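Chain by chain, the residues run as shown.
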Amino acid sequence: GRGRVRPPTMVVRTSTRFRRERTVVPTARAFAAHALVSAAVPPDIVEHLVLAVAEACNNAILHAEGDDFTVSVAVERGRALVTVADHGAGFVPPARPSMPGPHATGHRGLALMQALVDDADVVSDRAGTTVMLAQAFTPDGHLPRVPVV
């Protein structure tokens, strides 16, 4: 009999800088979506990642310093990783972000990103903030989650 043919593993890595202006968010979303679709990431995964990327970009625009921020996309072995990195004073991310009440006017970003993807990690210091959004899209792409202590 014939053996199963596995699709080739697509590796995509790309990165670009955007001006720290609200008007670039649709372009940053399109950049991430194009890279993810080019790597054969399933449409529902692309949609969730792109929504999370938009939130991370908005945070960089609203809270960072400097003229620009970077969006990077890496897809390999059934796992997509999108990072958004900015320059600024940084902040202390909450250990467990929670969604504020319905009348709150902000502070939804981290909780929303965590709800959209497998892993949403934030590293922040005086040099800036990096948001890492990871999502598996094949059984091989799932990595064990590290519990938050």
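The following refers to the structure shown.

Procedures and definitions
- Residues numbered from 1 in each chain as written.
- Predicted model: local features only at pLDDT ≥ 70, side-chain atom pairs only at ≥ 80, totals over all residues.
- Heavy atoms only, no water.
- Pairing = 2+ DSSP bridges.
- Helix = DSSP H or I, 4+ residues; strand = E, 2+ residues; numbered from the N terminus.
- Axes fitted to C-alpha atoms, helices over the stretch in contact; angles between N-to-C directions.
- Contact = heavy atoms within 4.5 Å.
- Salt bridge = Lys/Arg side-chain N within 4 Å of Asp/Glu carboxyl O.
- Buried < 20%, exposed > 50% of the residue type's maximum accessible area, 1.4 Å probe, protein only.

The pairing of strands in a sheet happens through backbone hydrogen bonds and is either parallel or antiparallel. Here we have five strands laid out as an open sheet, ordered S1-S2-S3-S5-S4, and antiparallel in their pairing. With partners counted over all chains shown, the strands left at the sheet margins are strand S1 (12–19) and strand S4 (119–125), one partner each. Going across the sheet, the axis of each strand differs from the next one's by a mean of 15 degrees, ignoring polarity. Summarising the sheet, strand S3 (residues 79–87) and strand S5 (residues 128–136) pair through eight bridges and their orientation is antiparallel. From the neighbouring strand, Thr83 faces S5, where its bridge partner is Met132. Here helix H1 (residues 25–38) sits on the sheet in contact with S1, strand S2 (65–76) and S3, set at roughly 175 degrees to S1.

The next subject is the pattern of salt bridges. Across all of its chains, the model carries five salt bridges by this definition. A salt bridge links Arg13 to Glu76; the shortest N-O distance between them is 2.3 Å. Here Arg13 is found in strand S1, whereas its partner Glu76 is found in strand S2, with 63 residues between them in sequence. Arg13 sits in the exposed class, given a relative accessible area of 60%. Residue class for Glu76 comes out partly exposed when judged on its relative accessible area of 24%. When the shortest N-O distance is used, the salt bridge between Arg79 and Asp119 registers 2.8 Å.

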